[in-house]
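Working through the structure, step by step
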Amino acid sequence: MADARTLNANMSGMMGLLRMGTPGGLSGLGSLLIALVLVSAVGVPGFASAGTLQSIMFQMPELGLLSLAMVVPLISGGLNLAIIATANSAALLMAWLMRSMLVAGAPGGEVALVIVAALAAGLLLCVLWGLLTGLIVAYTGVHPILVTLGTKSLIDGVSIYLTRGTVISGLPEQYSAAGNALVLGVPVPFLVLVVASLLVGVLLRRTGFGVAIFMVGSNVEATRYSAIDTRRVLVGVYLFSAVLCFVAACLMLARFNSASADYAQSYLLITILAAVLGGVDPFGGFGKVAGLMLALAVLQVLASASNLLGLSDYLKLAVWGFVLIVVMAAQTLRARLRR
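Residue indices follow the written sequence of each chain, beginning from 1 at its first position. Note on the predicted model: pLDDT of at least 70 is required for a residue's local features to be given, and 80 or more for side-chain atom pairs to be given and counted; whole-chain, interface and lining totals, by contrast, use all residues. Excluded from the side-chain calculations are hydrogens and water; all other atoms, namely the structure's heavy atoms, are used.

**Digging into helix α8 (residues 188-206)**
Each helix is a run of H or I in the DSSP string that is no shorter than four residues. Each strand is a run of E no shorter than two, and both are numbered from the N terminus. A helix's residues, less one, multiplied by 1.5 Å, set its expected span. An ideal rise of 1.5 Å per residue puts 27 Å on 19 residues; α8 measures up with 26 Å between its terminal C-alpha atoms. Buried within α8 we find Pro189, Leu193, Ala196, Ser197, Val200, Gly201 and Leu204. Buried residues of α8, viewed axially, fall in a sector of 135 degrees; they line one side. Looking at α8, the residues exposed on the side facing more than 90 degrees away from the buried face are Leu198, Leu199 and Arg206. Contacts are residue-level and defined by heavy atoms, with any inter-residue pair within 4.5 Å sufficient. As for α8, its buried residues are in contact with α3 (50-75), α7 (173-179), β3 (186-187), α9 (208-218), α11 (230-256) and α13 (289-309). Think of it in three bands: residues with accessible area under 20% of the maximum for their type are buried, residues over 50% are exposed, and the middle band is partly exposed, with areas taken using a 1.4 Å probe on protein chains only. The directions from the helix axis to the C-beta atoms form the arc being described.

Have a look at this one:
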């Protein structure tokens, strides 16, 4: 029954549109995106401009990478509530190392060496958090929601205690410049998101590890009887999620030119919303990166239009939560009706 639900999961989007996770669902999301762009261009002053498009491409990468970090555990039948905490902890460590190891007027070679060392330390920290989470999920049998809620509290607590809740700033100009650079008018962070999404898509669809993730999400017991080490797969899932958090941390650090344990906390809800709208089955076993990217584009267009209209950020957060509840309820009801 779980397999049938997974294979036939149909996601209801905004305005009662779409069957998500199928070719028709992807085309429906694309149609919704085009409609939103046209409506915003006509009805929102200042939306139809190159500046708005470039702003969307600057704002989307961090959320996109964090959403990818959420999608991989979701497909495996789990969840990672620690993605924001993991990214912030790595950003704090990298920012502290860059600021403490560099002196004013340091030569370019020394600056580059310090930046590389800081990035390596941030990656190692994310790997450690990912391994810790994956090992607990895989070898204790505790539900991923409880495990990642615990690791989220642990990571946030350590980060806030060590930094006293302050913001670490004063990064090398070379690092910030690289993170905000343009290539033929396209922001470098957006290109990083495109490359990362392609790599994640290939890994999920074209590798044995990716196929195993879908199998674990569909039916973990059947997968275990298929001679697949499900524990190793689960450890790999949360390790991979943590590495994606590291990439997001690098982009956040470059764009904000600072780091804090409080940054991007509201993104956690939106990553789940984007995944569900994009056709990822919250029960595991099904999902497409292309659907996620289209859903992110839809949400980003809505957010940009709301900003231009001067709507409150709190109101937008409430709307995201309402949409998530509606979509989850519609998906569950549709699955029951089909069974």
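The discussion continues.
**Some remarks on the side chain of Asn88**
When you line up the elements, Asn88 lands in helix α4 (residues 83-101). A relative accessible area of 1% places Asn88 in the buried class. Two N or O atoms form a polar contact when they lie within 3.5 Å of each other; inside protein one atom must be a possible hydrogen donor and the other a possible acceptor, and for residues adjacent in sequence the pair counts only when both atoms belong to side chains. Engagement of the side chain of Asn88 in a polar contact is seen with the backbone oxygen of Tyr263, the distance being 2.8 Å. Beyond its immediate sequence surroundings of up to four residues, Asn88 is in contact with Met252, Ser260, Ala261, Asp262, Tyr263 and Gln265.

**Some thoughts on the side chain of Gln300**
With respect to the helices, strands and loops of the structure, Gln300 is situated in helix α13. In contact with Gln300, not counting residues within four places along its chain, are Ile56, Gln59 and Met60.

**Some thoughts on the pattern of salt bridges**
In what follows, salt bridge is the name for a side-chain nitrogen of Lys or Arg lying within 4 Å of a carboxyl oxygen of Asp or Glu. With the rule as written, the count across this model stands at four salt bridges. Among the ionic pairs, Glu62 bridges to Arg255, the shortest N-O distance being 3.0 Å. With Glu62 in helix α3 and Arg255 in helix α11, this pair connects stretches of sequence that are 193 residues apart. Judged by its relative accessible area of 1%, Glu62 is buried.

**What to know about a nonpolar patch on the surface**
Only residues whose relative accessible area exceeds 30% and that form no salt bridge enter a patch; like-charged residues are grouped when within 9 Å of one another, and nonpolar side chains (Val, Leu, Ile, Met, Phe, Trp, Tyr) when within 5 Å. Only the protein chains shown count as covering a residue, and every accessible area follows the Shrake-Rupley method with a 1.4 Å probe. On the surface, Leu132, Leu154, Val158, Tyr161 and Leu162 cluster together to form a nonpolar patch covering roughly 480 Å² of accessible area. No other element matches the four residues that helix α6 (residues 144-163) contributes to the nonpolar patch. Note on placement: Tyr161 falls in helix α6. For Tyr161, a relative accessible area of 56% puts it in the exposed group.

**Some words on the nonpolar core**
A general feature of soluble globular proteins is that nonpolar side chains tend to end up buried together. Buried Ala, Val, Leu, Ile, Met, Phe, Trp, Tyr and Cys residues that are joined via side-chain atoms within 4.5 Å together make up what is termed a nonpolar core. Leu68, Ile83, Met94, Met98, Tyr175, Val200 and Leu253 are the most contacted members of the largest nonpolar core, which has 83 residues in total. Element by element, the count of residues in this core is highest for α11, at 17 residues.

**Some points on the packing of α3 against helix α12 (residues 267-277)**
In this analysis an axis means a line fitted to C-alpha atoms, helices contributing only their contacting stretch, and an angle means the value between N-to-C directions, from 0 to 180 degrees. Relative to each other, α3 and α12 sit at 65 degrees, their axes nearing to 9 Å. In this structure, the crossing between α3 and α12 has a hand that is right-handed. On α12, the residues touching Glu62, Leu63, Leu66, Ser67, Met70, Val71 and Leu74 of α3 are Tyr267, Leu268, Ile270, Thr271, Ile272, Ala274 and Ala275. Each residue gets one of three labels, nonpolar for Ala, Val, Leu, Ile, Met, Phe, Trp, Tyr, Cys and Pro, charged for Asp, Glu, Lys and Arg, and polar for the others, Gly among them. Looking at the contact of α3 with α12, its residues break down into eleven nonpolar, two polar and one charged. Each crossing gets its handedness from the near helix: less than a right angle anticlockwise from the far helix is left-handed, clockwise is right-handed.

**Some points on the environment of Val237**
When you line up the elements, Val237 lands in helix α11. Residue Val237 is classed as buried on the basis of its relative accessible area, which comes to 0%. With residues near it in sequence (within four places) discarded, Val237 still touches Val72, Pro73, Ser76, Phe209 and Ile213.

**With respect to the packing of aromatic side chains**
Pairing of aromatic side chains requires ring centres within 6.5 Å, counting the rings of Phe and Tyr and the six-membered ring of Trp. Pairs whose planes differ by under 30 degrees are stacked, by over 60 edge-to-face, and all others tilted. Applying the stated criterion across every chain yields a total of one aromatic pair. On the basis of an interplanar angle of 70 degrees and a centroid distance of 5.2 Å, the ring pair of Phe256 and Tyr263 is categorised as edge-to-face. Note on Phe256: relative accessible area 32%, which makes it partly exposed. Criterion for a charge above a ring: Arg CZ or Lys NZ at most 6 Å from the ring centre, at most 35 degrees from the ring normal. One residue, Arg164, lies across the ring of Tyr161, its end atom 4.7 Å from the ring centre.

**Some thoughts on unusual backbone geometry**
Here the phi dihedral of Arg164 falls at roughly 55 degrees; this positive angle occurs in a residue that is not glycine. With respect to the helices and strands, Arg164 occurs in the loop between α6 and β1 (168-169).

**Observations concerning the packing of helix α5 (residues 108-140) against α11**
Angle between the axes and distance between the axes: these two values describe a pair of packed helices. At a minimum axis distance of 7 Å, the contact between α5 and α11 shows a crossing angle of 150 degrees. With respect to α11, the axis of α5 lies roughly antiparallel. Considering only the axes of α5 and α11, their crossing is right-handed. By residue class, the composition of the contact of α5 with α11 is 17 nonpolar, four polar and one charged. Angle categories are assigned with fixed cut-offs, so that under 35 degrees is roughly parallel, over 145 is roughly antiparallel, 65 to 115 is roughly perpendicular, and the rest are oblique.

By themselves, these figures tell us nothing about what the structure is for.
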